[in-house]
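Each chain, written out:
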Amino acid sequence: MQIEDIKSPVDYLIYSKNEIHGYSRAIGKLFDLSTSYISDAEKAYKEGKKVIWSRTNGWEVPLAYSCGIIPVAFSEMGRLSDFETMRIGEEYYQFPPETCSMVKCTVGQWHKRKSKSINRILGAGVACEPFNLALELMKQAGYDVHTVDVIYRAPGMKGDELENLVEFFIRQIYDTVEWLTGSRKIDEDKLKQEIQRKNQLISKVRKILELRIGNPFYMRSLPAIFLLTGLNAGYFGKPEEYEKVLDLLIEELENAPVNEEDLKRVIPLVWVGNAGQEFGVFEVIDQADGALLGFRGYPFNICREDIPPVEALARHVLGNQDAGASVYVQQVLEKEAQKVNARGLILYGYLGCSYSTIAREMWGDHFRKQGIPSINLEGTFQIGPPSGQILTRIKAFTEMLA
Ligand code: SF4
């Protein structure tokens, strides 16, 4: 396949796997895990395994696995959508056209799978109002939905206030276990093992990201995004296989020769957004010698192993970048920009998301004052080529940095 043949995100994955990264078994396996994620999870469900759709905010994944349940990131299902799926959100569920495409795509996918696939959804009120509405609609549509209440750590919250929040969240973890298993009893040994596994995977992902700084073109932007997606999205439903891919990738990166010319011409960038669906964006960055080396989602925070595991989960969530206030993300971005010696930030969100729009403006302004330029892009979630305007802007931005 050649670049001109690409028509969809799946084509991009095949192109990136075979044409760009044909030399790397690890990257090929990473793409395979990603592309088989949803279909294999649905197959496991049909074979009688316990599987739920889940949000993935750092605590759901170890908790669900410790209960013998596979958590499948519903965002990765929404990613399979096209305009038709999105239309279900607009016409059947009456979401206004200006609603963020991620919400409409996910709702459309659940609608199509109703009564045929995984029928339980673990959501959280921390997302946003459109998504909360989506979860309510899915309840009415017959799904078994459980949502935890808002987990929001305001800027500067500490001391007793923070402790109250931790206690509140711990109660919600027990409520979730009751929904998952029918009992409030948590197998702490199993949960501890899952926490240790998560910490181990985090340390391997960190190592890979650090090795990439010294060899920035070995693993280009798209698979780097999927590396983090795997960590956050339930390890693609296959923790052991995901870990093997990480080990292989570390081995490859440690032994891959470094081209000194690459180090001279690379433009280190920080990616501030989710994976999106417009993979052409990553191709344009790569072609302009950009490299996404820093990430908003860098796993800087591990789960403590010296305290009871339920408390460790609560503190992990409330101590990471997605704890609530955007200032926590900004602190991570600062460290990332410094670590990779970033020449620019790419701020990417979905059209119609008023929440991230405000945060992106704030981060852009903050880094401008520090002399680090950024570009603010609004894309879409459903399958379809990226708009020419986005590609032109990103190309111009990367060339400007060069
Ligand atoms: S992108 Fe924004 S509007 Fe869309 S689901 Fe996420 S937070 Fe909500």
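Residues numbered from 1 in each chain as written. Predicted model: local features only at pLDDT ≥ 70, side-chain atom pairs only at ≥ 80, totals over all residues. Heavy atoms only, no water.

For the protein, an unreviewed UniProt entry supplies the name 2-hydroxyglutaryl-CoA dehydratase, D-component and the organism Methylomusa anaerophila. UniProt lists a comment for the protein under the heading Cofactor (unreviewed entry), and it reads "[4Fe-4S] cluster". Of the comments in the UniProt record for the protein, the one headed Sequence similarities (unreviewed entry) reads "Belongs to the FldB/FldC dehydratase alpha/beta subunit family." (UniProt positions renumbered as here; feature names shortened; annotations may be inferred.)

Visitor: Explain the overall build of the protein to me, please; I cannot follow it from the model alone.
Guide: Scanning the protein for helices and strands turns up 17 helices and 8 strands. Taking 402 residues into account, the globule formula puts the C-alpha radius of gyration at 21 Å, and the protein, at 20 Å, falls close to it. Across its three principal directions, the C-alpha atoms of the protein cover 60 × 50 × 40 Å. Expressed as a percentage of its 402 residues, the buried residues of the protein come to 57%. Of the roughly 17,200 Å² of accessible surface on the protein, 50% is carried by carbon and sulfur atoms. (Helix = DSSP H or I, 4+ residues; strand = E, 2+ residues; numbered from the N terminus. Rg over C-alpha atoms; globule rule 2.2 N^0.38 Å. Buried < 20%, exposed > 50% of the residue type's maximum accessible area, 1.4 Å probe, protein only. Areas by Shrake-Rupley, 256 points an atom, 1.4 Å probe, with all protein chains shown as cover.)

Visitor: Which parts of the structure should I look at to understand the site of the ligand?
Guide: Around the ligand, the surrounding shell consists of C100, V103, C128, F131, Y350 and C353. Taken together, the residues that form the shell around the ligand break down as 6 nonpolar, no polar and no charged. (Near = heavy atom within 4 Å. Nonpolar A, V, L, I, M, F, W, Y, C, P; charged D, E, K, R; others polar.)

Visitor: I'm lost on the packing of helix α9 (residues 188–214) against helix α14 (residues 309–318) in this one. Help?
Guide: Where α9 contacts α14, the two axes come as close as 9 Å, and the packing angle between them is 40 degrees. Considering the angle they form, α9 stands oblique to α14. Residues E188, L191, K192, I195 and K198 of α9 form the contact with α14, whose own contacting residues are P309, V310, A312, L313 and H316. For the contact of α9 with α14, a count of residues per class yields 6 nonpolar, 1 polar and 3 charged. (Axes fitted to C-alpha atoms, helices over the stretch in contact; angles between N-to-C directions. Parallel < 35°, antiparallel > 145°, perpendicular 65-115°, else oblique. Contact = heavy atoms within 4.5 Å.)

Visitor: Would you mind showing me how to read the sheet that holds strand β4 (residues 144–148) here?
Guide: Backbone hydrogen bonds hold the strands of a sheet together, and the pairing may be parallel or antiparallel. Pairing is parallel across the open sheet formed by 4 strands, whose spatial order is β2-β1-β3-β4. Pairing within the sheet leaves two strands with one partner each, and these edge strands are β2 (70–73) and β4. Across the sheet, the mean angle separating the axes of adjacent strands is 30 degrees when strand polarity is ignored. One ladder, built from 5 bridges, connects strand β3 (residues 120–124) with β4; its direction is parallel. Pairing of R120 across the sheet is with D144, part of β4. (Pairing = 2+ DSSP bridges.)

Visitor: Is there a simple way to explain helix α15 (residues 326–340) in this structure?
Guide: For an α-helix the count is 3.6 residues per turn, leaving residues at separations of three or four pointing the same way. Taking 1.5 Å as the rise per residue, α15 with 15 residues should run 21 Å; its terminal C-alpha atoms sit 21 Å apart, in good agreement. For α15, the complete set of buried residues consists of Y328, V329, Q330, V332, L333, E336, A337 and V340. Residues of α15 that are buried make contact with α9, β5 (267–272), β6 (290–295), β7 (344–350) and α16 (354–369). (Expected span 1.5 Å × (residues − 1).)

Visitor: It is not clear to me how the pattern of salt bridges should be interpreted in this structure. Could you clarify?
Guide: Between side chains of opposite charge, pairing is possible as soon as their charged atoms come close. Under the definition given, this model contains 27 salt bridges. A salt bridge links R184 to E178; the nearest nitrogen and oxygen atoms lie 2.8 Å apart. Residue R184 is classed as partly exposed on the basis of its relative accessible area, which comes to 37%. Here E178 falls in the partly exposed class, since its relative accessible area comes to 37%. E378 is the salt-bridge partner of R360, the closest N and O atoms lying 3.2 Å from each other. Here the residue R360 occupies a position in helix α16, and E378 occupies one in strand β8 (residues 374–379), the gap between them amounting to 18 residues. A relative accessible area of 2% places R360 in the buried class. Counted as one network, the salt bridges with shared partners bring together E163, E311 and R315. (Salt bridge = Lys/Arg side-chain N within 4 Å of Asp/Glu carboxyl O.)

Visitor: When you look at helix α6 (residues 101–113) in this model, what are you seeing that I'm missing?
Guide: With 13 residues, α6 should cover 18 Å at 1.5 Å per step; its first-to-last C-alpha distance of 18 Å lies within 8% of that length. Of all 13 residues in α6, 12 are buried, a share of seventy percent or more. Within α6, burial applies to S101, M102, V103, K104, C105, T106, V107, G108, Q109, W110, H111 and R113. Positive backbone phi, at 65 degrees, marks S115, one or two positions downstream of α6.

Visitor: For this particular structure, what's the right way to read the state of the cysteines?
Guide: One covalent bond between the sulfur atoms of two cysteine residues makes up a disulfide. Within the structure shown, the criterion is met by 0 disulfides. Looking at C67, it has no disulfide partner, and the nearest cysteine sulfur is the one in C303, 15 Å off. (Disulfide = S-S within 2.5 Å.)

Visitor: Help me understand the pairing of β3, please; the structure alone is not making it clear to me.
Guide: A regular strand places its side chains on the two faces of the sheet in alternate fashion. With 5 of 5 residues buried, β3 is to be regarded as a mostly interior element. Going residue by residue along β3, you find R120, L122 and A124 tucked away on one face and I121 and G123 tucked away on the opposite face as well. Looking at chain direction, strand β1 (residues 51–54) and β3 are connected through 2 bridges and run parallel. Directly across from W53, in β3, lies its bridge partner I121.

Visitor: Hey, could you run me through the sheet that holds β8 in this one?
Guide: If you walk across this open sheet you meet the 4 strands as β6-β5-β7-β8, and the pairing is parallel. Edge positions in the sheet fall to β6 and β8, since each has one partner strand and no second. Across this sheet, the average inter-strand angle for adjacent strands is 30 degrees, counted without regard to direction. In the sheet, β5 pairs with β6 via 5 bridges, with the strands oriented parallel. Each bridged residue has a counterpart across the sheet, and for I267 the counterpart in β6 is G290. Docked against the sheet, helix α10 (residues 221–232) engages β5 and β6, running at close to 15 degrees with respect to β6. Of the strands in this sheet, β5, β6, β7 and β8 touch helix α17 (residues 388–401), which is tilted by about 165 degrees from β8.

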